[in-house]
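So you can see what is in the structure, the chains are spelled out below.
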Amino acid sequence: MVKVPVPFAWNEDFATSYRLIDLEHRTLFNGLFALSEFNTRDQLLACKEVFVMHFRDEQGQMEKANYEHFEEHKGIHEGFLEKMGHWKAPVAQKDIRFGMEWLVNHIPTEDFKYKGKL
């Protein structure tokens, strides 16, 4: 299990070698960090939106490359979005922590599997 960085921000340990994906991963970190700081309905909606947009983009790249683990990866994304869909502002700190832990573990355990394959 990867330790949640403090402050909660993207760093080179999470680099996938795909510029667009890395930029989008930064927005996921920023969205969760902002939610932890401000925890408003608008911030929750913005956070959900960046996750939905990133998952759509990443899955599109996987599909285009005929990535062998596409369906499995898509299912993992859908499972996270389902959990996030139950969050209501103000979001419980345990849920925000879950999101942070999920992200810092998802990138190295799942996203790194597609390095060199997209």
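Residues numbered from 1 in each chain as written. Predicted model: local features only at pLDDT ≥ 70, side-chain atom pairs only at ≥ 80, totals over all residues. Heavy atoms only, no water.

The name given to the protein chain in an unreviewed UniProt entry is Hemerythrin subunit alpha, with the source organism recorded as Lingula anatina. In its Sequence similarities (unreviewed entry) section, UniProt records this for the protein chain: "Belongs to the hemerythrin family." (UniProt positions renumbered as here; feature names shortened; annotations may be inferred.)

J.: Help me understand helix 3 (residues 70-84), please; the structure alone is not making it clear to me.
T.: For an α-helix, 3.6 residues make a turn, and residues three or four places apart therefore share a direction. Compared with an ideal rise of 1.5 Å per residue, which puts 15 residues at 21 Å, helix 3 spans 21 Å between its outermost C-alpha atoms and is within 8% of the ideal. Burial in helix 3 covers these residues: Phe70, His73, His77, Phe80 and Met84. End-on, the buried residues of helix 3 take up no more than an arc of 95°, which puts them together on one face. Of the exposed residues in helix 3, those oriented more than 90 degrees away from the buried face are Glu71 and Glu82. Structurally, helix 3 contributes buried residues whose contacts are with helix 2 (41-64) and helix 4 (93-109). (Helix = DSSP H or I, 4+ residues; strand = E, 2+ residues; numbered from the N terminus. Expected span 1.5 Å × (residues − 1). Buried < 20%, exposed > 50% of the residue type's maximum accessible area, 1.4 Å probe, protein only. Arc of directions from axis to C-beta. Contact = heavy atoms within 4.5 Å.)

J.: What's the story with the UniProt feature "domain: Hemerythrin-like" (unreviewed entry) in the protein chain in this structure? I'm lost.
T.: Here the UniProt feature "domain: Hemerythrin-like" (unreviewed entry) sits at residues 17-117. The span residues 17-117 carries 75% helix and 0% strand; its end-to-end C-alpha distance comes to 11 Å.

J.: I'm lost on the packing of aromatic side chains in this one. Help?
T.: Think of a pair of aromatic rings as described by two things: how far the centres are apart, and how the planes are tilted against each other in angle. Tallied over the full model, the rule gives 11 aromatic pairs. Residues Phe51 and Phe80 carry aromatic rings whose centres are separated by 5.1 Å and whose planes lie at 40° to one another, so their mutual orientation is tilted. With Phe51 in helix 2 and Phe80 in helix 3, this residue pair connects regions lying 29 residues apart in the sequence. Summarising the burial analysis for this pair, Phe51 and Phe80 share the class buried. (Phe/Tyr/Trp six-rings, centres within 6.5 Å; stacked < 30°, edge-to-face > 60°.)

J.: Got a minute to help me understand the pattern of salt bridges in this structure?
T.: Note on pairing: side chains with opposite charge can pair once their charged atoms come close. A full pass over the atoms with the stated rule returns 6 salt bridges. Across the salt bridge formed by Glu68 and Lys117, the nearest N and O atoms sit 3.7 Å from each other. Of this pair, Glu68 sits in the loop between helix 2 and helix 3 while Lys117 sits in the segment after helix 4; the two residues are 49 residues apart in sequence, bridging distant segments of the chain. On the basis of relative accessible area, Glu68 is assigned to the exposed category, the value being 61%. The class for Lys117 is partly exposed, based on a relative accessible area of 41%. With a closest N to O distance of 3.2 Å, Glu110 and Lys113 form a salt bridge. By relative accessible area, which is 16% here, Glu110 ends up buried. Given a relative accessible area of 37%, Lys113 falls into the partly exposed group. (Salt bridge = Lys/Arg side-chain N within 4 Å of Asp/Glu carboxyl O.)

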